[in-house]
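Residue-level listing of the chains:
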Amino acid sequence: MSGPRHVLSGWLLLAVLAAGACGSDVLEPAADSFPGPAPTPDPVPEPDPAPEPPPAAGLAASVVEVNPSAHHTSASTATAITIEFDRPIDPTSIDPTVFRVFGRWSGVATGTHTVEAAGARIRFAPDAEFAAGEFVTVTLAGSIRLADGTPLGRGFAWSFWTAAGVGGLDQLNVGTRTVRRPGEGLIQAYGAYAGDIDGDGDSDLVIPNEVANDIRVFLN
C-alpha cells in the first residue's frame, strides 16, 4: 500500500509548488528599479546681446546726421550734401582734399564747403548737378580737426543714389566707331565705362582691352 501513498504525496507536492508559482504573493520589483523620465536639464542662459556700436565708432566725434541719408535712392540731382557732428569742427581743416564727393558718372564733384550750426555741420554745395540715377559717394578724411584741435581720428564715408530720370526705350543709331587702331588685330575689348573723364560735364567712354593690355578713351 506504500506505492499509492508515495504517488499521492508527489501530486500534493506539485500542487503546492504550482500554487506558489501562480499565487498573488509574487514580489513586485521596487518602484525605483525602473528608470523614470530623463531629468530636464537646466536651461542654458542666453548670452547678453552685443552692445550696439556707437555711431561712427572710432571717431573723436559722433556723427549726428548725414543728408542725403545713407542708401537714399531718390535724392535731387541738385542736392547739397551735409554732415553734422555732436561737437564743433575747425573750419580751417575743411577743403576739397579732406571732404570729397564722387559721382559714378559725373566724376569728381567740385563745389563750395561751408561750416554751419555753430561749427558742427559741414555743407557741400556742388557746382553742377549730378546725373539722374547716379550713385554718389562722400568721403571724409580722418585729418579733419575738431574745434579743440583733436583730429577726427579715422575716415568716414556714406553713399546715396540720385532720383532716376524719365526715359524711353527708343534708340537712335548715330554712327559706328571702331575701338581698334588702323591695321590693328585682336585687342579683345571687354566692358565699358561711361563717365565724365575730362570734367566738361559730358559722359565719355572708356574701354579696357585684354590682349592689347590698355584702355581706349573716347572723349565726348
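Residues numbered from 1 in each chain as written. Predicted model: local features only at pLDDT ≥ 70, side-chain atom pairs only at ≥ 80, totals over all residues. Heavy atoms only, no water.

**Student:** Run through the overall build of the protein, naming residues and quoting values.
**Tutor:** Each helix and strand in the protein was counted, giving one helix and 11 strands. Going from the N terminus to the C terminus, the protein shows its helices and strands as α-β-β-β-β-β-β-β-β-β-β-β. Expressed as a percentage of the 220 residues in the protein, the buried residues total 25%. Here the analysis covers contacts within the protein between residues at least 6 apart in sequence; of these, 55% occur between residues at least 24 apart. When the accessible surface of the protein is summed, it comes to about 15,300 Å², and 59% of that surface belongs to carbon and sulfur atoms. (Helix = DSSP H or I, 4+ residues; strand = E, 2+ residues; numbered from the N terminus. Buried < 20%, exposed > 50% of the residue type's maximum accessible area, 1.4 Å probe, protein only. Contact = heavy atoms within 4.5 Å. Areas by Shrake-Rupley, 256 points an atom, 1.4 Å probe, with all protein chains shown as cover.)

**Student:** An account of the environment of Ser69 is requested, with residue identities and associated values reported.
**Tutor:** Here Ser69 is to be found in the loop between β1 (63-67) and β2 (81-85). Among the residues examined, Ser69 registers a relative accessible area of 35% and is labelled partly exposed. Residues Ser69 and Trp158, 89 residues apart in the sequence, show an inter-C-alpha distance of 8.2 Å.

**Student:** So what's going on with the environment of Glu129? Which residues, and what values?
**Tutor:** Here Glu129 is to be found in the loop between β6 (121-126) and β7 (135-140). Take Glu129: its relative accessible area is 54%, and that puts it in the exposed class. C-alpha of Glu129 to C-alpha of Ala109: the two residues are 20 residues apart in sequence and 9.0 Å apart in space. Beyond its immediate chain neighbours, meaning those up to four positions away, Glu129 contacts Thr77 and Ala78.

**Student:** Could you give an account of the sheet that holds strand β9 (residues 193-195), with specific residues and numbers?
**Tutor:** Read from one edge to the other, the open sheet built from three strands follows the order β9-β10-β11, with strand pairing classed as antiparallel. For this open sheet the edge positions go to β9 and β11 (214-218), each flanked by a neighbour on one side alone. Neighbour-to-neighbour, the strand axes of the sheet open up by a mean angle of 20°, direction not taken into account. By the bridge criterion, three bridges tie β9 to strand β10 (residues 204-209) in an arrangement that is antiparallel. In the sheet register, Ala194 faces β10, and the bridge partner there is Leu205. (Pairing = 2+ DSSP bridges. Axes fitted to C-alpha atoms, helices over the stretch in contact; angles between N-to-C directions.)

**Student:** Talk me through the layout of surface pockets; I want residue IDs and the actual numbers.
**Tutor:** By volume, the largest pocket amounts to about 400 Å³. The wall of the largest pocket is formed by 19 residues, among which Ser106, Gly107, Glu129, Asp196 and Gly201 lie closest to the centre. Its residues assigned to classes, the lining of the largest pocket comprises nine nonpolar, six polar and four charged. (1 Å grid on protein atoms, 1.4 Å probe; cavity = no way out; pocket = protein on both sides within 12 Å on 5 of 7 lines; lining within 4 Å. Points joined across faces, edges and corners; volume = space filled by probe spheres on them. Nonpolar A, V, L, I, M, F, W, Y, C, P; charged D, E, K, R; others polar.)

**Student:** Explain the sheet that holds strand β4 (residues 107-108) residue by residue, including any values.
**Tutor:** Two orientations exist for strands paired in a sheet by backbone hydrogen bonds: parallel and antiparallel. Across the sheet, which stays open at both edges, the four strands sit in the order β4-β3-β7-β8 with antiparallel pairing between neighbours. Because the sheet does not close on itself, it has two edges, and the strands there are β4 and β8 (156-161). Summarising the sheet, strand β3 (residues 99-103) and β7 pair through five bridges and their orientation is antiparallel. Note that in β7 the partner of Arg100 across the bridge is Thr139.

**Student:** Explain the pattern of salt bridges to me, and be specific about the residues and the numbers.
**Tutor:** Applying the stated criterion across every chain, the model contains eight salt bridges. One salt bridge connects Arg121 with Glu84, and the closest N-O pair in it is separated by 3.4 Å. Residue Arg121 is located in strand β6, and its partner Glu84 is located in strand β2; the two are separated by 37 residues in the primary sequence. A relative accessible area of 24% places Arg121 in the partly exposed class. For Arg216, the salt bridge goes to Asp214, with nearest N and O atoms at 2.9 Å. Judged by its relative accessible area of 7%, Arg216 is buried. The class for Asp214 is partly exposed, based on a relative accessible area of 22%. The structure contains a network of salt bridges with shared partners spanning Glu84, Glu116, Arg121 and Arg123. (Salt bridge = Lys/Arg side-chain N within 4 Å of Asp/Glu carboxyl O.)

**Student:** Tell me about the side chain of Arg216, and name the residues and values.
**Tutor:** Along the polypeptide, Arg216 turns up in strand β11. In this structure the side chain of Arg216 is engaged in a polar contact, spanning 2.9 Å, whose partner is the side chain of Asp214. If sequence neighbours within four positions are ignored, Arg216 has contacts with Val179, Arg180, Arg181, Glu184, Ile187, Leu205, Val206, Ile207 and Asn209. (Polar contact = N/O pair within 3.5 Å; in protein donor to acceptor, adjacent residues only side chain to side chain.)

**Student:** Tell me about the side chain of Thr77, and please be specific about residues and values.
**Tutor:** By the element assignment, Thr77 lies in the loop between β1 and β2. On the basis of relative accessibility, which here comes to 17%, the residue Thr77 falls in the buried class. Engagement of the side chain of Thr77 in a polar contact is seen with the side chain of Glu129, the distance being 2.8 Å. Contact partners of Thr77, with chain neighbours within four places excluded, come to Glu129, Phe130, Ala131, Ala132, Thr162 and Ala163.

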